[in-house]
Amino acid sequence: MFLSALQQQNPALIASAVQLLNDGVVLPDTYVIDVDQFKLNAKLIKQQADVFNIRLYAMTKQFGRNPVLAKMLTQELGYDGIVCVDFKEARYFQQQGITVSHVGHLVQPPSQFIKALVETIKPEVVTLYSLEKAQELSVAASKVNYNQSVLVKFFQEGDSLYPNQEAGFPLSTLPQVLKSISELPNLAIVGITHFPCFLYNKEAKTTQLTANLSTAVLAIKQAEALGYTMSHCNFPSSTSFETIPLINEYGGTHGEPGHALTGTIPSNQDGSQPEKIAMLYLTEISHQFADRSYCYGGGYYNRSQVESALVFEPQSSQNRLVPLCPNDGSNIDYYFQLEGVAVVGSPVVMAFRTQLFVTRSDVALVEGISTSQPRLLGLFDTQGKQIQR
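Cut-offs applied
Numbering of residues starts from 1 in each chain and follows the order in which that chain's sequence is written. Side-chain atom pairs in this predicted model are given and counted only at pLDDT of 80 or more, local residue features only at pLDDT of at least 70, and totals for whole chains, interfaces and linings cover all residues. Note: side-chain values were computed over all heavy atoms of the structure, leaving out hydrogens and water. Among the buried residues, those of types Ala, Val, Leu, Ile, Met, Phe, Trp, Tyr and Cys that are joined through side-chain atoms within 4.5 Å form a nonpolar core. Note on exposure labels: buried denotes an accessible area under 20% of the residue type's maximum, exposed denotes more than 50%, and partly exposed covers the range between, all computed with a 1.4 Å probe on protein chains only. Contacts were defined at the residue level, with two residues in contact if any of their heavy atoms lie within 4.5 Å. Patch membership needs two things, relative accessible area over 30% and no salt bridge, and members are linked within 9 Å if like-charged or within 5 Å if nonpolar (Val, Leu, Ile, Met, Phe, Trp, Tyr). Using a 1.4 Å probe, accessible areas were evaluated by the Shrake-Rupley method; residue-level cover was limited to the displayed protein chains. Put simply, a salt bridge is a Lys or Arg side-chain nitrogen that is within 4 Å of an Asp or Glu carboxyl oxygen. The numbering of helices and of strands both runs from the N terminus, where a helix is a DSSP run of H or I of at least 4 residues and a strand a run of E of at least 2. In this description, strands pair whenever DSSP reports at least two bridges between them. N or O atoms closer than or at 3.5 Å make up a polar contact, with two conditions inside protein: a donor-capable atom paired with an acceptor-capable one, and, for residues adjacent in sequence, both atoms drawn from side chains.

## Here we look at the nonpolar core
Piece 1. If you look at the biggest cluster of nonpolar residues, it comprises 113 residues, and the most contacted ones within it are Phe154, Phe235, Val349 and Met350.
Piece 2. Filtering out sequence-adjacent residues up to four positions away, valine 349 remains in contact with Leu3, Leu6, Ile14, Val18, Leu280, Tyr281, Leu282, Ala309, Leu310 and Phe312.
Piece 3. With 7 residues, the next largest nonpolar core counts Met59, Val83, Val125 and Val190 among its residues.

This is how it looks when you write it as structure tokens:
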């Protein structure tokens, strides 16, 4: 999906990754992240956010919940904390001393985790989409005399809800829902959120607002008409240099960049965005079977839209662009299948949309790529834990 953009925007990352594999520094099934380019992307997005007065929570699940990158974002580059997609990420980052700012969206905190959430993690906001969870949060916060700010998620007919992520209060129930939550002790309603608020339009070749954003804006207006102060209007999905002005235009106060930090946003498939590709997938030819080549897998994501790979065969100064064979979603991704025959041991490079935290890959952080002096900063698993080489 991003191979052409990678070749155009960051060919040095390709050369460095192949060199690291050939030198035995990393193994196949590794995502290689160009830390210098990652930092440049993060600075660019933050500068744009500052212009439009948008606060940023970084979404780290896409690049493996990495503590080094999370600390860089929050302690060096001025991001307002991490949005943790689930309670395990929140637990891990709290243990690493990293600021956890948003919990509960997309995954609500489990009942037996809420005590730790308000006692030790203390996120800036928790998203709620059930009264039962609001009551649990209120009880736990009351016991430790802590006031927890919350966001509320509403939806209406016509909104885009991903399968198995359906959640929210019907917009028609907003007055009753806000009243019920506001009456609970130690909870303060500070804003509204929804997801996804922006999506890439292939035909228009641009990122556009969704019906969800319209619902969120309407919910904010209705809440304010009832006397609630909506200081936190969080419009996540596809937060990037391109969409930050739109967040501001529609009254948003917060965004949550994730893929934009590695340049792997759909609008950058052609390499047209200011964020540059800072991550690739590196593997190796394992064997051939029936006129096809198989390379080590482990990093496949079923919404990746991966189509092709670069194969670097020994004794050749050129790489070959090779189509991938269609994946069977019912099988474990032990391997990727490539069309044609390639030499065993040949490095293979891909670049596609991913969610590292649902894979079993390694993650290599590499500095010095832009100066042709790549240095491994650290090797991690996709849950952020360091791997001893």
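Here the narrative resumes.
## Considering a nonpolar patch on the surface
Piece 1. There is a patch of nonpolar side chains on the surface, built from Tyr296, Ile332, Tyr334 and Tyr335 and spanning about 420 Å² of accessible area.
Piece 2. Looking at the secondary structure, you find tyrosine 335 in strand β18 (residues 335-339).

## Description of the pairing of strand β1 (residues 30-34)
Piece 1. Within β1, 5 of the 5 residues are buried, leaving the element largely enclosed by the surrounding structure.
Piece 2. Note that β1 and strand β20 (residues 362-367) share 5 bridges and pair parallel. Along β20, the bridge assignment pairs isoleucine 33 with leucine 365.
Piece 3. Two elements, β1 and strand β14 (residues 279-289), share 4 bridges in a ladder whose sense is antiparallel.

## Examining helix α4 (residues 67-76)
Piece 1. Turning to α4, its buried residues are Pro67, Leu69, Ala70, Met72, Leu73 and Thr74.
Piece 2. Structurally, the start of α4 carries an N-cap: the backbone nitrogen of valine 68 is 3.0 Å from a side-chain oxygen of asparagine 66.

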